[in-house]
Amino acid sequence: MNSTKNNKPEGNVVETSELTKKFGESVAVDAVSMQVPRGTIFGFIGPSGCGKTTTVRLLTGVYTPTSGQVSVLGKNPVNFTKEDREKIGYLMQHFVLYPDLTVWENLNFAASFYGVNPFRRGHLRKLLDFVELRSDSNKRASQLSGGMQRRLGLAATLVHNPELLFLDEPTTGIDPILRRKFWDYFKELQNQGHTLFITTQYVGEAAYCDLVGIMHEGKLLMVETPENLRRKAFGGDVISIRTTEEIRYAHRHEIENLPFVRGKVKMISDQEIDVIVDDASTAIPLLVENLNTQRLNTESIEEISVPFDDVFVKLIETEKVDA
Amino acid sequence: MLKFLTRIFSFLNKEIAEIFRQPSLILLLVLGPFLLMFLFGLGYPDENRTLRTVFVMEDQSTPPEQVNLFTESISPTIAEIKVEHNQADALARLARNAVDLVIVIPADAVETIQSNQKAAFLIYHNEVDPFQIAYIYSVSSIYVDEVNRRILESATEQGQGSAGEFQTSLEDAIAKTQQLRQTLPVGDANLATQVDELLKTLNDAHDKLRQFRSMSSSVIVNPFTSDVSGITPEQFSPTDFFAPAVIVLLLQHLSITFASLSIVRERRSGIMELFKVSPLTAFEILLGKFLTYLFFEMILAAILSALIVWGLGIPMLGNWWHYGLAVVIVLFTSLGLGFLISLISATDTQAVQYSMLLLLASIFFSGFLLDLRLMWKPITALAWSLPATYGIRMLQDIMLRGAPIPLMIFGGIALIGIGLFVIDWLLLRKNIEIQYSST
């Protein structure tokens, strides 16, 4: 595969402001404002039907916005020229290539309609190597598994070496091992200089992204780094403490009164608590010191990485309460 | 420009590969039409239908010579003749389709005619097909003419026989008049002149009588005959005549079917959305598809034409370049029609139904079955909106008359083809925009 644009200027490849799309009375995308910096993996996460695909369609120029502003690669997608479109790769949610054609024929077709140089055999072979489909190049698409079809779709999306990739739920319906592999591909593409805008329903995949946008019922709740999402969900870093003695109310009260501790201490068991702090790295030594002062013998103390599913649920609940 | 061409020809490999994934389809497309033509030729030999006929003679005392007169006065189209005496039995057989025609001979024909009235044959059939009924009318008319002719010939021959005796008497009268002329006294000029005039009249009558007797009775009864000649180079069998029309109908139907399914399938698969995001334009998609199908169907048409002309021996009197041009314009316009169907259909089934409807319309209105000159004028507008109508005219002229491509007809279909291309292009643009943007 060709290496691309590592030396591209910094800046945002996608910018939206109050971007809205209505279908009749129904609001599919509600005043979404966001920026996607060049060279990042931007995860667009939310449950099915929350407006992710509609947003992608607005960003690729498939839909015209009802209101608001959108700029992709510095232009309104509705006014994209052919040259602008050549800079974009789009992997649709469903497999849309031709089931009666072989892997090679499908890829060759995609290359043709993107206007890739006719002398491209080597390039296509490298792409098939990248998605590990080289040995299946003579198989018909209909004979491929779901995961292989997604990989073929990804290869077709990359065939013209686009600057910006929109991948709409590329990992939906495939097993966890292959999903992990896909994220390895995406990281490699990012290393080659591509910007990736990826939608997913798998909240856990937020961990692979540089920035994550949380979408819920057409609204973009926030755009943060994965770590900041956790902090936002729980009000800070979560530290798990396990002691050899029973942790009593007085001990907990003492901890809750520390200045860097946020909120109440959560009891997990008699000898285990979760504490939310501003910054785990500075808080852990201070907590150990406090436990020693309280004559509690620390068995273990560590920052825990709360599963993003919990983070997502917490964020949605908070949003509902705020609303 | 290279990118433009690459994008357009992206469809060539794709569509051809998809078609060749179905070898049975290829076989069907090439051999199917050829076999149809072959079977059509076998099924319709250049012969008229013979009618199994029963003659009913209720009067069993009819002399055999009269029976023969009625049953032998037949054209080759009346066969398997049987004579019965019970009309009800004969009609029952007709109802069972055991016979095709029942001819009831008038029982007292001689008496009826002698009383200065016409004797009527009652002819029964059991057909529902208007063309077959018209055929039976025609056969019946020929039959009755033939009976009348035979009777007249017979009467004429009898008259000629009787005229022989009269001629002898007349010759005797002439001889006696000549003797009388010689015995007339000289000087009676008035009487001599009268006798000379009588002699002349008798001689004239004799000459006419001799001429009458020397003439064939068939010439006297049927003095005129007809000799019809076409000014076309050859005369053709029904298979020859229908071959150009069948080629056009098949090519039109193939084009419409291929094209009508093409875009509707892609729209339903969702790939149109990908096309919209890609640099591909509606014009490039349409042009790519047009060229691909045109290329494929030109090859198909070439094979089919070769099989029909050299395999079945269908005449090809015209110029092959003109033939090729006519085929290409028919394919181009039919593809335009097919893509139009594809763009207005929501599903595959709907597209197939539209295609079948067009095929039916083409069979009925293109002049394939019935001559367009028989059609009510306002309806001919429908006929001339179908590519097949133009195609059949062009191919019949080129193949059967050896004429050059008729320019007016070529221009007409070319205009329709270009118009359809433009409409398809606008519809495809609008179609993509509507599908993805206006909801």
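Residues numbered from 1 in each chain as written. Chains lettered and ligands numbered in written order. Predicted model: local features only at pLDDT ≥ 70, side-chain atom pairs only at ≥ 80, totals over all residues.

### Describing the packing of helix 3 (residues 103–113) of chain A against helix 5 (residues 146–158) of chain A
All names here are of chain A.
Here's step 1: In contact at an axis separation of 8 Å, helix 3 and helix 5 are set at 30 degrees when each is read in the N-to-C sense. Judged on the interaxial angle alone, helix 5 and helix 3 are roughly parallel. The handedness of the crossing between helix 3 and helix 5 is right-handed. Only Leu152, Ala155 and Ala156 of helix 5 make contact with helix 3, whose side of the interface consists of Val103, Asn106, Leu107 and Ala110.
Here's step 2: Classifying every residue of the contact of helix 3 with helix 5 by side-chain character gives six nonpolar, one polar and no charged. (Axes fitted to C-alpha atoms, helices over the stretch in contact; angles between N-to-C directions. Helix = DSSP H or I, 4+ residues; strand = E, 2+ residues; numbered from the N terminus. Parallel < 35°, antiparallel > 145°, perpendicular 65-115°, else oblique. Left-handed = near helix turned anticlockwise from the far one by under 90°. Contact = placed C-beta atoms within 7 Å. Nonpolar A, V, L, I, M, F, W, Y, C, P; charged D, E, K, R; others polar.)

### Here we look at the packing of helix 9 (residues 238–269) of chain B against helix 11 (residues 282–311) of chain B
All names here are of chain B.
Here's step 1: One way to put it is that helix 9 packs onto helix 11 with a least axis distance of 11 Å and a crossing angle of 155 degrees. Considering the angle they form, helix 9 stands roughly antiparallel to helix 11. When the axes of helix 9 and helix 11 are compared, the crossing they make is right-handed. Along its contact with helix 9, which presents Ala243, Ile247, Leu251, Leu254, Ser255, Phe258, Ala259 and Ser262, the element helix 11 presents Lys289, Tyr293, Glu297, Ala301, Leu304, Ser305 and Ile308.
Here's step 2: Partitioned by chemical class, the residues of the contact of helix 9 with helix 11 number ten nonpolar, three polar and two charged.

### Considering unusual backbone geometry
All names here are of chain A.
Here's step 1: The phi angle at Glu18 is positive, at roughly 50 degrees, despite the residue not being glycine.
Here's step 2: Inspection of the secondary structure puts Glu18 in strand 1 (residues 12–23).
Here's step 3: Here Glu18 falls in the partly exposed class, since 13 other C-beta atoms lie within 10 Å of it.
Here's step 4: With phi around 60 degrees, Arg295 is a residue other than glycine that occupies positive phi space. (Buried ≥ 20, exposed ≤ 12 C-beta atoms within 10 Å, placed from the backbone.)

### Observations regarding the domain arrangement of chain B
Interface size, as often reported, equals the accessible area lost upon joining of the parts.
Here's step 1: Domain boundaries assigned for chain B yield domain 1 (2–43 + 239–437), domain 2 (49–162) and domain 3 (190–225).
Here's step 2: One C-alpha centre belongs to domain 1 of chain B, the other to domain 2 of chain B, and the line joining them spans 51 Å. (Domains from an automatic or database assignment.)

### Regarding the sheet that holds strand 13 (residues 298–304) of chain A
Residues and elements named next belong to chain A.
Here's step 1: An order of 11-12-10-13 is seen for the four strands of this open sheet, with the pairing classed as antiparallel. Looking at which strands have only one partner, the edges of the open sheet turn out to be strand 11 (261–269) and strand 13. With direction set aside, neighbouring strand axes in the sheet form an average angle of 20 degrees.
Here's step 2: Contacts from helix 8 (residues 249–256) reach strand 11 and strand 12 (272–277), with the element oriented near 150 degrees to strand 11. (Pairing = 2+ DSSP bridges.)

### Some details on the interface of chain B and chain A
Here's step 1: Counting from both sides, the interface comprises 23 residues of chain B and, opposite them, 26 residues of chain A.
Here's step 2: Looking at the side of chain B that touches chain A, the elements that each hand over two or more residues are helix 1 (2–20), helix 10 (271–277) and helix 16 (407–437) of chain B.
Here's step 3: Among the residues making up the side of chain B that touches chain A, the classes are represented as eight nonpolar, eight polar and seven charged.

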